[in-house]
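A closer look at the structure
What follows is the residue order along each chain.
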Amino acid sequence: NGLLLAGFTLLILILSQKEILKTHPSISVGKLTFMGIVLTFVPGIFFQFIRSITLTADKFQYFFSGLTVTLITDCVFSFFVAFQIKTKKTKLLFLFIFVALGLLMAWDYFFHVDG
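Given the structure is predicted, the values throughout are model-derived calculations rather than measurements.

Looking now at a nonpolar patch on the surface. Residues Phe8, Leu10, Leu11, Ile14 and Leu15 make up a contiguous nonpolar surface patch of about 440 Å² in total accessible area. Its location among the elements puts Phe8 in helix α1 (residues 2–23).

Bringing the nonpolar core into the picture now. In terms of nonpolar packing, the biggest core is built from twelve residues, these being Leu13, Ile20, Leu21, Ile27, Val29, Leu32, Phe80, Val81, Ala82, Phe83, Ile85 and Leu93. When contributions to this core are tallied by element, the ones reaching two or more residues are α1, α2 (29–54) and α3 (59–87). Per element, the largest residue contribution to this core is five residues, and it comes from α3. If we skip the residues at most four places from it in the chain, Leu21 touches Ile27, Ile85 and Lys86.

One simple way to see leftover space: roll a probe sized like a water molecule over the atoms. Put simply, the largest pocket is a space of about 280 Å³. Around the largest pocket, the lining comprises 17 residues; the ones closest to its centre are Leu5, Ala6, Thr9, Thr70 and Asp74. Looking at the lining of the largest pocket, the elements with two or more residues in it are α1, α2 and α3. Taken as a whole, the second largest pocket encloses approximately 240 Å³ of empty space. Lining the second largest pocket are Ile72, Val76, Phe80, Phe96, Ile97, Val99, Ala100, Leu101, Leu103 and Leu104. Residue assignment for the lining of the second largest pocket shows that the elements contributing at least two residues are α3 and α4 (90–111).

One pass over the full model with this rule turns up eight aromatic pairs. Centroid distance Phe83 to Phe96: 5.1 Å. Interplanar angle 70°. Geometry classified as edge-to-face. Taken as a pair, Phe83 in helix α3 and Phe96 in helix α4 lie far apart in primary sequence, 13 residues in all. Its relative accessible area of 8% is what places Phe83 among the buried residues. Here Phe96 falls in the partly exposed class, since its relative accessible area comes to 29%. Where Trp107 meets Phe111, the ring centres are 4.4 Å apart and the plane angle is 40°; that geometry is what we call tilted.

Conventions adopted
Residues numbered from 1 in each chain as written. Predicted model: local features only at pLDDT ≥ 70, side-chain atom pairs only at ≥ 80, totals over all residues. Heavy atoms only, no water. Patch = residues over 30% accessible without salt bridge, like charges linked within 9 Å, V, L, I, M, F, W, Y side chains within 5 Å. Areas by Shrake-Rupley, 256 points an atom, 1.4 Å probe, with all protein chains shown as cover. Salt bridge = Lys/Arg side-chain N within 4 Å of Asp/Glu carboxyl O. Helix = DSSP H or I, 4+ residues; strand = E, 2+ residues; numbered from the N terminus. Core = buried A, V, L, I, M, F, W, Y, C linked by side-chain atoms within 4.5 Å. Buried < 20%, exposed > 50% of the residue type's maximum accessible area, 1.4 Å probe, protein only. Contact = heavy atoms within 4.5 Å. 1 Å grid on protein atoms, 1.4 Å probe; cavity = no way out; pocket = protein on both sides within 12 Å on 5 of 7 lines; lining within 4 Å. Points joined across faces, edges and corners; volume = space filled by probe spheres on them. Phe/Tyr/Trp six-rings, centres within 6.5 Å; stacked < 30°, edge-to-face > 60°.

Next comes the structure, spelled out in structure tokens:
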């Protein structure tokens, strides 16, 4: 379920950001990232709405917590795709990814909640 959504999100980002870059070659990485976030946010809302309907309890809480996680993930994916498509600096992209993973691991280590 989550892997399928991540793959679909990446596909949307790659295809749309390449098309945006073709029509606006001077666009910045930041603007390209923002446009990718906007393009993936609407399907994210739809997905979380459908997901919350299938739950039996705390639909409102699950909708907004799921939407928050989806938005954060879409922001990260959008930046990585925009950076790679615009700059073609793969080594620097890998550095960003490793730093992001390190920060996530540190966050989990220091703020892990059992439950």
